[in-house]
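Structure at a glance
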Amino acid sequence: MAALQENRLGKLLDHAVQHIPYYQALNRYGGLAPAERLKAFPVMRKSEIRAHLDSLVQGGRSKLVSEKSSGSSGIQGEVFMSRREQFNAIAHQTFLWEWAGYKLGAPLLQLGITPDRSGIKSLKDRLLRTDYQPAFEIDSAIVKKALAGYRKKNAFFGGYASGLYTYALLAEGMGMEDIHFKAAISWGDKMFPHYREKIESVFHTRVFDTYGCTEGMMIAGQCEQGNYHILTPHVYLELLNEEGKEAPPGELGHVVVTRLDAFSMPLIRYYLGDLAIREAPDNQCACGRPFPMLRQIIGRDTDIVRTRSGKHLIVHFFTGIFEHIPEVRQFRVIQKTLDGIELEYIPGSTLFNPEVLENIQKKIEAKLGEPLAVSFREVSHIPATPSGKPQIIQSFIGS
Ligand SMILES: [Zn+2]
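In this text, all values refer to a predicted model and were calculated from it rather than measured experimentally.

**Thoughts on the pairing of strand β18 (residues 373-378)**
Here β18 lies mainly on the outside; zero of its six residues are buried. A crossover links strand β17 (residues 340-347) with its parallel partner β18, the connecting element being helix α11 (residues 354-368), and its sense is right-handed.

**Observations regarding the sheet that holds β17**
Read from one edge to the other, the open sheet built from four strands follows the order β18-β17-β16-β19, with strand pairing classed as mixed. In this open sheet, the two edge strands, each paired with only one partner strand, are β18 and β19 (393-395). Each neighbouring strand pair of the sheet contributes to a mean axis angle of 20°, computed without reference to strand direction. Pairing of β17 with β18, which is carried by six bridges, proceeds in the parallel orientation. Bridge pairing links Glu344 to Arg377 in β18.

**Here we look at helix α8 (residues 161-173)**
Compared with the 18 Å implied by 1.5 Å per residue over 13 residues, the 18 Å span of α8 between its first and last C-alpha is a close match. Taken as a whole, α8 has its buried residues at Ala161, Ser162, Gly163, Leu164, Tyr165, Thr166, Tyr167, Ala168 and Ala171. At its buried positions, α8 is contacted by β3 (108-112), α7 (140-147), β5 (156-160), β6 (183-187), α9 (193-202) and β7 (207-213). With its phi angle positive at about 70°, Gly175 sits one or two positions after the end of α8.

**Description of the domain arrangement of the chain**
In terms of domain boundaries, the chain breaks down into domain 1 (1-86 + 219-297), domain 2 (101-205) and domain 3 (305-395). Look at where the C-alpha atoms of domain 2 and domain 3 centre, and you get two points 32 Å apart.

**A word on the environment of His194**
Here His194 is to be found in helix α9. Among the residues examined, His194 registers 12 C-beta atoms within 10 Å and is labelled exposed.

**Comments concerning α9**
Turning to α9, its buried residues are Tyr195, Arg196, Lys198, Ile199 and Val202. Buried residues in α9 make contact with α8, β6 and β7. His204, located one to two residues past α9, shows a positive phi value of around 50°.

**Some details on the nonpolar core**
Within the largest apolar cluster, 88 residues are counted, with the highest numbers of intra-cluster contacts made by Leu164, Ala184, Ile199, Ile219 and Val257. Top element by residues in this core is α8. It accounts for six residues. For Leu164, the residues in contact, after removing those within four places along its chain, are Leu111, Phe157, Gly159, Ala184, Ser186 and Ile199.

Cut-offs and rules
Residues numbered from 1 in each chain as written. Predicted model: local features only at pLDDT ≥ 70, side-chain atom pairs only at ≥ 80, totals over all residues. Buried ≥ 20, exposed ≤ 12 C-beta atoms within 10 Å, placed from the backbone. Helix = DSSP H or I, 4+ residues; strand = E, 2+ residues; numbered from the N terminus. Right-handed = clockwise from strand over helix to strand, strands pointing away. Pairing = 2+ DSSP bridges. Axes fitted to C-alpha atoms, helices over the stretch in contact; angles between N-to-C directions. Expected span 1.5 Å × (residues − 1). Contact = placed C-beta atoms within 7 Å. Domains from an automatic or database assignment. Core = buried A, V, L, I, M, F, W, Y, C linked by C-beta atoms within 7 Å.

Structure (structure tokens):
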């Protein structure tokens, strides 16, 4: 598998320097091994791609299809690919879904963002027995109606992690305890542990999370052992530390990904804005799949608080503290400098008093093992992210 990946990477880089204007200046690295040659290529952020779109596409864009990313980082990404490359991406997605037991044509309740299901999409939905429901308008009445037919344990449930979770919360609230799914397959946003627990308990099922991006890259998916395997024939994954060097297994790195089967517009060293941790290569999974593993997918790199001493605090650091503080209804951590954080909070009950804040400060420092400056600010509203999810951490420190 490693040789296959290396071979595909070499072909892609050859193609890029020969046919893609943006990369032609890199033609001088021909003698090196593909993984070494790759390091000469620049890391590409969405803004870089937008600025050089014309010189990144082979030939014209007219025969290509465009895929846009959701823009949850504030910048919308757009990439172009041929129909065949688009099919390949879907095939890899289906391959990951099969790890959950799914087969094409199995009944599927899918939450999606393309509400217009006319024409070919409606035909596809009928052929594949997909029951398509909107992911961004979810209320009790919609959930009750959508779930009514799912008492038989033979269907799959797929969608954004936050959408599946919202369905589970509302179904539980309405006492719908007799809904069963064979498996729940998630994508698109982060599958938090509390999302997973709720979905699995309410729908008597197991969650199989997948990790990819709408720009046509399926990066990893969970097997029945719960481990995330990297799809190495399809992507070359780098996890880079703050110096731009490969982070060793077990350490946090920025996700930079190269799609190995896209030639119309090669995506080489594409910066996703996520953080992840690689598993040590000698840790094998009991499932026997020949794909290396990610130990953890942490989420957006703007969702991390950093300390001057070099620690990284993820969302769970704070949710783990606040779940024991019922006096606070909602909170948000804002970081502008390495010297401390601002903590916005909405008081949750009449029990709230200033001692609650002292208690929070103590708990943060005890868990961190060092002092941290926290300035508290009472607010009446905390804005959601552009994608509608509650925002827990907002970091303004460039990474
Ligand atoms: Zn496995």
